[in-house]
Amino acid sequence: NPDLTDAERTFRTLRGAAFVANMGDLVASQGDLLNQDVLGNAEYGLGLRASDIAQAETAHGEIVRRAARFFERYDALIAPTAICPPLPVEQRHLAELEGVAFRDYLG
C-alpha cells in the first residue's frame, strides 16, 4: 500500500482553501441559498491559517512523491470506489458502517 496516512487531513485543508478561493464571494453574498455542505466547507476554509495551507501544500508534494515511488514498483492500485449501496436521497451521508462512524460526507 502507498503511505497515505496524512492524505485526509491534507485533502480537507486544501479543499477548504479552494472553497474559500472559489466560493467565498458566493458564500458572502448568497450564503442563505447554499446547502450546509458548501457552507461547512467554506467555513472550514475560512478558519485555516496560512501556515495550515502551507503545511498541506508541503504534505501534498510528499504524498505525490510517495505515490510515485509506489508506482515504480507496481503497475496498478486497485481500490473500491463505493463502500455501500446508494443512500436514500434524504440522507446527506453515510453515518456508520460496520462500527465505523463518518462525521460528514467526505468520511
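Residues numbered from 1 in each chain as written. Predicted model: local features only at pLDDT ≥ 70, side-chain atom pairs only at ≥ 80, totals over all residues. Heavy atoms only, no water.

## Thoughts on the environment of Q91
Stage number 1. The residue Q91 is located in the loop between α3 (50–73) and β1 (96–97) in this model.
Stage number 2. Taking the C-alpha atoms as reference points, Q91 and G31, separated by 60 residues in sequence, lie 22 Å from one another.
Stage number 3. Here the side chain of Q91 touches H93 through a polar contact of 3.2 Å, landing on its backbone oxygen. (Helix = DSSP H or I, 4+ residues; strand = E, 2+ residues; numbered from the N terminus. Polar contact = N/O pair within 3.5 Å; in protein donor to acceptor, adjacent residues only side chain to side chain.)

## Describing the pattern of salt bridges
Stage number 1. Going through the model one piece at a time under the given rule, you end up with 8 salt bridges.
Stage number 2. Across the pair D3 and R66 runs a salt bridge whose closest N-O atoms are separated by 3.8 Å. Of this pair, D3 sits in the segment before α1 (7–30) while R66 sits in helix α3, and the two are 63 residues apart along the sequence.
Stage number 3. Residue D3 is classed as partly exposed on the basis of its relative accessible area, which comes to 36%.
Stage number 4. In this structure, R92 engages D37 in a salt bridge whose closest nitrogen and oxygen atoms are separated by 2.3 Å. Placement of R92 in the loop between α3 and β1 and of D37 in helix α2 (residues 36–46) is noted, with a sequence separation of 55 residues between them.
Stage number 5. Here the salt bridges do not stand alone but share partners, grouping D3, D6 and R66 into one network. (Salt bridge = Lys/Arg side-chain N within 4 Å of Asp/Glu carboxyl O. Buried < 20%, exposed > 50% of the residue type's maximum accessible area, 1.4 Å probe, protein only.)

## Focus on α3
Stage number 1. Taking 1.5 Å of rise per residue, the 24 residues of α3 would be expected to cover 34 Å, and the 36 Å separating its terminal C-alpha atoms lies within 8% of that figure.
Stage number 2. D52, A56, A59, G61, I63, R66 and F70 are the residues of α3 that are buried. (Expected span 1.5 Å × (residues − 1).)

## Some words on the confidence of the model for the protein
Stage number 1. When the pLDDT values of the protein are averaged, the result is 92; 100% of them are 70 or greater.
Stage number 2. Model confidence for the protein, summarised as mean pLDDT per element, is weakest for α2 at 90 and strongest for α3 at 96. (pLDDT = per-residue confidence, 0-100.)

## Points about the environment of A76
Stage number 1. Mapping A76 onto the fold places it in the loop between α3 and β1.
Stage number 2. Residues A76 and M23, 53 residues apart in the sequence, show an inter-C-alpha distance of 35 Å.

## Looking at the packing of α1 against α3
Stage number 1. Between α1 and α3, whose axes approach to 9 Å, the crossing angle comes to 130°. On the basis of the axis angle, α1 is oblique to α3. Relative to α3, the crossing made by α1 is left-handed. In this structure, α1 contributes A7, T10, T13, L14 and A17 to the contact, and α3 contributes D52, I53, A56, E57, A59, H60 and I63.
Stage number 2. Here the residues of the contact of α1 with α3 are counted per class, giving 7 nonpolar, 3 polar and 2 charged. (Axes fitted to C-alpha atoms, helices over the stretch in contact; angles between N-to-C directions. Parallel < 35°, antiparallel > 145°, perpendicular 65-115°, else oblique. Left-handed = near helix turned anticlockwise from the far one by under 90°. Contact = heavy atoms within 4.5 Å. Nonpolar A, V, L, I, M, F, W, Y, C, P; charged D, E, K, R; others polar.)

## Some details on the side chain of R12
Stage number 1. Structurally, the position occupied by R12 is in helix α1.
Stage number 2. Since its relative accessible area comes to 10%, R12 is described here as buried.
Stage number 3. When sequence neighbours within four positions are dropped, the list of residues in contact with R12 reads Y44, R103, D104, L106 and G107.

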